[in-house]
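Chain residues, written in single-letter form:
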Amino acid sequence: MKTFEYIITDELGIHARPAGALVKEAKKFESRITIQKGDKEVEATKLMALMGLGVKCGDQIMIKVEGADEDAAIGQMEAFIKNNL
């Protein structure tokens, strides 16, 4: 399993447009990708669950990737999140 933590810098947090793009990015991989905020953890491929986390600017999230292509997935997800959130 690979993980990384990130503090959201987007003023609006994870709102509809970036959440949709994040889900699309996560679906490119075979690995299970989850996003955790506090004690809540959801699959990155589930749009409504992701938006239900209520991630706002300044919140810290942890991304966990586990599976056959986890090395590629963690790199892509980290780059995507840093560039978009």
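Just above, that's the structure.
Residues numbered from 1 in each chain as written. Predicted model: local features only at pLDDT ≥ 70, side-chain atom pairs only at ≥ 80, totals over all residues. Heavy atoms only, no water.

A. Local environment of the packing of helix α1 (residues 16–26) against helix α3 (residues 70–84). For the pair α1 and α3, the least separation of the axes is 10 Å and the interaxial angle reads 165°. Taken together, the axis directions place α1 and α3 in an arrangement best described as roughly antiparallel. Once α1 is placed against α3, the crossing between them reads as right-handed. Along the contact surface, α1 presents P18, A21, L22, E25 and A26, while α3 presents Q76, M77, F80 and I81. Residue classes in the contact of α1 with α3 are distributed as seven nonpolar, one polar and one charged. (Axes fitted to C-alpha atoms, helices over the stretch in contact; angles between N-to-C directions. Helix = DSSP H or I, 4+ residues; strand = E, 2+ residues; numbered from the N terminus. Parallel < 35°, antiparallel > 145°, perpendicular 65-115°, else oblique. Left-handed = near helix turned anticlockwise from the far one by under 90°. Contact = heavy atoms within 4.5 Å. Nonpolar A, V, L, I, M, F, W, Y, C, P; charged D, E, K, R; others polar.)

B. Summary view of the environment of P18. Topologically, P18 is positioned in helix α1. Judged by relative accessible area, which is 11%, P18 ranks as buried. Residues P18 and M48 lie 30 residues apart in sequence; the distance between their C-alpha atoms is 12 Å. Leave out the neighbours within four places in its chain, and P18 touches G13, F80 and L85. (Buried < 20%, exposed > 50% of the residue type's maximum accessible area, 1.4 Å probe, protein only.)

C. How the structure looks around the side chain of K64. Mapped onto the secondary structure, K64 falls in strand β4 (residues 60–66). Among the polar contacts listed, one links the side chain of K64 to the side chain of Q36, at a separation of 3.0 Å. Here E41 takes part through its side chain, which lies 3.2 Å from a polar atom of the side chain of K64. Each residue touching K64, except ones within four places of it in the same chain, is listed here: M1, K2, T3, R32, I33, T34, Q36 and E41. (Polar contact = N/O pair within 3.5 Å; in protein donor to acceptor, adjacent residues only side chain to side chain.)

D. Geometry of the environment of G58. Mapped onto the elements, G58 comes out in the loop between α2 (47–52) and β4. Setting aside residues up to four positions removed in sequence, G58 forms contacts with I7 and I8.

E. The sheet that holds strand β2 (residues 32–37), seen in detail. Judged by pairing direction, the sheet is antiparallel, and its four strands sit side by side in the order β1-β4-β2-β3 without closing on themselves. The open sheet terminates on both sides in strands that have one partner only, identified here as β1 (2–7) and β3 (40–43). Put simply, the sheet's adjacent strands are angled 20° from each other on average, direction ignored. Of the strand pairs in this sheet, β2 and β3 are connected by four bridges, and their pairing is antiparallel. Looking at β3, one finds that T34 is bridged to E43. Of the strands in this sheet, β1, β2 and β4 touch α3, which is tilted by about 5° from β1. (Pairing = 2+ DSSP bridges.)

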